[in-house]
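Architecture and fold: a report
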Amino acid sequence: MDRRLAIKWMLAAGAGAMLADPFALGAPGDGQAPVPPPARGYGTDPDLMKPYKPGDYWPLTLSEGERRTAAALCDVIVPAEAQAPSASSVGVPDFIDEWVSAPYPNCVKDRTTILDGLAWIEAESGKRFGKGFADAAAAERVSLCEAVAPEAPEGSALEAPSKFFRRFRNLTTAGYFTTPVGMRDLGYIGNVPMATFDGPPADLVAKLGLTDEVKW
Amino acid sequence: MAFVTPSSAAEKNYDVIVVGSGAGGGQAAYTLTMDGARVLMIEAGRNYDPRTETPMFQTTDMAPLRASGTPDKPFGFFDATIDGGWSVPGEPYTNASTDKSRQFFWWRARMLGGRTNHWARHALRNGPYDFKPRSRDGLGFDWPISYDDVEPYYDKVEMLIGVYGMNNGLENTPDSPEGCLLPPPKARIGELLARQRGRTLGIPVIPIRRAVLTRPLDHSTIPAKLHPGNARAQRIIAEDMQNRAACFWATSCGRGCSIRANYQSTTVHLPPAMATGNLDILVNAMVRSIKVNAAGKATGVVYVDKASGAENHASARAVVLGASACETVRVLLNSKSGLFPNGLGNSSGLVGQYIMDTVGANWGGQIPLLENLPPHNEDGAGGLHVYAPWWLYKDAAKLGFARGYHVEFGSGKGMPGGYAPFTPDSDGRTSFGVPMKEEARRYYGSHIGFSGRGEMIPNKDSFCELDPKVVDKWGIPVLRFTWKWSEHEIRQVAHMQRTFADWIEAMGGTNKTRPDPDGRKAIAGGGFVIHEVGGAIMGADAATSVTNSWAQTWDVKNVFVADGAVFASNADKNPTLTIMALAWRTADRVLDEMRRGNI
């Protein structure tokens, strides 16, 4: 596994040691001169107490058509279920628009991938189904995603679309699972003040053959 | 006491100017003001109040880009750092080499309290070996002091700031006297599994020590131990301790803590220091140099008021530098005068030499045993509960590298954030739809990430100096770095990677690939771990060190260093607790010297 993946897993673990990677963030690569601050980022001293929504710091830039395609794709990735709503109904397309419109290096890099990918999926839907992706039937939308879900061989026609789909899926899941609804769906039940921290449930500890009886 | 302006600061006569407000500056100012010294603290960043500025319960969807890291906020939107990172607008630094592996990346935080607002709160003591490494293996330098000299200060700092942990009696991993430590939190499920399986590899897993209050500090007994014979100081700190709440087991410490449950200089050192009435704080003031008179004594500092851009002067009987290792070096090198043409404290030519960071490498894995566990709250103390101290002291001769590392690891169902993938995408297929959601629920909380944190041996190829051409936006010459890991660190990282991969397998996980045996591929760049120390090392004689054993510069006896710059070695233990212990000891020396009329 490469270091960046390891770092992502650390982030996924949440409770891990604090880590950041200046290269992964697009910080100054050669150390000769610092990269100037993004023209329209939130700066190095934003108000942390204020709740933000996409568009507060930099304008959203997806066209109406792109947003429609993106929303439809989001909902193939995170469809509505009995206990949980779809990605588009909790604002994930707004987040993706915010992401691809942001001035930071990672986002700028993703912008090309995402815009090209949305155009490809729209064109491919027209070719296959004679209509735009958002207007295609649910089964048609799924079948198109199935086509780009496998890792495509380098140099093949599907290489770029499959890379786009991976990136778009990751943005969608990141956007969805960080909403209050998504966190609950995932099984995160923290972020509440408690009088004591009691550790994992005793029956779970026993079930895994572990012990927390060592005195500490 | 108050926050002061340049004009009011100029009117006063201070006993001591403290440059910097983080772990070193904060501790020095605390000790000095509690004993009656009048102190001016000068901070390059803005004022910062964690009680009103900490986003405690905000979820990541309330932040731009789901709070993920950006060049503006490298550790994420909610990280406490203000105006900081590996690059600070208008305040460049340079590297002599264009080869990334030969470069150093310098993290700074321009805010009151500095990096203490966001640090991991890992508060490990150096052990006895760590002060005498050269005596053990012939490499690097011995400190002019021993563990016994620092131990009473470790005790006091732990009691003052509040550190959880326990005594495990392990080699070179010191125990604390009764009454110093707070009870450690229970281990999370992944931590328990890592402990059980670590044992099969001979790796001990014990509670880590972190500066987080797992219960309120004992305000009835600690103050008398901290300030014997000083009733006023005891009263002030007893009252302040009662205003710090214990952890409520939610929110990450990296955001800071509005209830003052963890250590930040701004929540622990500065409030009681201010309550003495002896502390003035000047923010947004960038110290350029120390002024020295014809007799070779420091008279104060020259600084730039960032608001007006004007250069100002402040006077005191003594100057204590706690600006962070490299910034302290910069101030010393920029303090050129007729008496000290190469910078203050630099008669030995060693100011800026022997910069060290912590050796770091990461490896992660997914553990099937931890899949699909019933939801339970694993937020805990907002950081690690356990770690593995270095365990192979007896094997030093056969490892192929000197010194060692400790292991920090994170697991569990933390608050989802950033752009972390929640699914493993087996067979390279990008899953989606209901199956993806099932996978996400199944795998969430089943990953573990290991970070090695190891000792770097000081070397002649890792240093900083003034760049002959580049200046910052105020015209102050900037630092130029040169960096090189030695084979010891490279091999140590390879050992870390192998260990982590073995550990993952011992936990029932699989590694998609085995680690590359070449440590060069995995070693974190210089400065990535943000534990830089050295540059003004302490020693037993003036020819081979910058300061004496009290962190007092050999050249100018009323200039002291209270940050990591004086470290003669950089043990695997995170440096912050040692910085504080030494700063307290140095502040005691300043007080002594003033009482004796020596300064």
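Before any of the text, the structure's been laid out above.
Note that the coordinates shown come from a computational prediction; the quantities given were computed from them, not determined experimentally. Every chain begins its residue count from 1, and numbering advances along the sequence as written. Whichever chain is written first becomes A and whichever ligand is written first becomes 1, with later ones labelled in order. Residue-level local features of this predicted model are given only where pLDDT is at least 70; pairs of side-chain atoms are given and counted only at 80 or more, and the full residue set underlies all totals for whole chains, interfaces and linings. Hydrogens and water molecules were not included; the side-chain quantities draw on all heavy atoms of the structure.

1. Examining the sheet that holds strand E15 (residues 386–388) of chain B
Residue and element names in this part refer to chain B. Note the cut-off: For two strands to be treated as a pair, DSSP must find no fewer than two bridges joining them. Secondary structure elements follow DSSP: runs of H or I no shorter than four residues count as helices, runs of E no shorter than two count as strands, and numbering proceeds from the N terminus. Any two residues having at least one pair of non-hydrogen atoms within 4.5 Å are treated as being in contact. All axes are obtained by fitting lines to C-alpha atoms, using only the stretch in contact for helices, and the reported angles, taken between N-to-C directions, cover 0 to 180 degrees.
Spatially, five strands are ordered E9-E15-E16-E17-E14 in an open sheet, and the strand pairing comes out antiparallel. Looking at the sheet topology across the chains shown, the edges are occupied by strand E9 (206–207) and strand E14 (359–366). Pairing of E15 with strand E16 (residues 405–411) involves two bridges; the strand directions are antiparallel. From the neighbouring strand, Tyr-387 faces E16, where its bridge partner is Glu-408. Together, E14, E15, E16 and strand E17 (447–454) form the strand contacts of helix H14 (residues 487–506), whose direction differs from that of E14 by roughly 20°.

2. Notes on the pattern of salt bridges
Residue and element names in this part refer to chain B. Stated precisely, the cut-off is as follows: Any carboxyl oxygen of Asp or Glu within 4 Å of a side-chain nitrogen of Lys or Arg constitutes a salt bridge here. Residue exposure (1.4 Å probe, protein chains only): buried if accessible area is under 20% of the type maximum, exposed if over 50%, otherwise partly exposed.
Within the structure shown, the criterion is met by 53 salt bridges over all chains. A salt bridge links Glu-53 to Arg-46; the nearest nitrogen and oxygen atoms lie 2.8 Å apart. Lys-394 is paired through a salt bridge with Glu-171; the nearest N and O atoms lie 3.0 Å apart. Here the residue Lys-394 occupies a position in the loop between E15 and helix H12 (396–399), and Glu-171 occupies one in the loop between strand E7 (163–164) and strand E8 (181–182), the gap between them amounting to 223 residues. On the accessibility criterion, Lys-394 (69% relative accessible area) is exposed.

3. Structural notes on the pairing of strand E12 (residues 298–305) of chain B
A regular strand carries its side chains on alternate faces of the sheet. Residue and element names in this part refer to chain B. Within E12, seven of the eight residues are buried, which leaves it mostly tucked inside the rest of the structure. Bridging between strand E11 (residues 285–292) and E12 involves seven bridges; their strand directions are antiparallel. Bridge pairing in E12 places Met-286 opposite Val-304. Counted between consecutive antiparallel strands, the loop separating E11 from E12 contains five residues, among which Gly-296 sits at a positive phi close to 80°.

4. Regarding helix H2 (residues 64–77) of chain A
Short version of the rule: For a helix, the expected span equals 1.5 Å multiplied by the residue count minus one.
For H2 of chain A, which comprises 14 residues, the first-to-last C-alpha distance of 20 Å matches the rise-based estimate of 20 Å (1.5 Å per residue) to within 8%. Along H2 of chain A, the residues classified as buried are Thr-69, Ala-70, Ala-72, Leu-73, Cys-74, Val-76 and Ile-77 of chain A.

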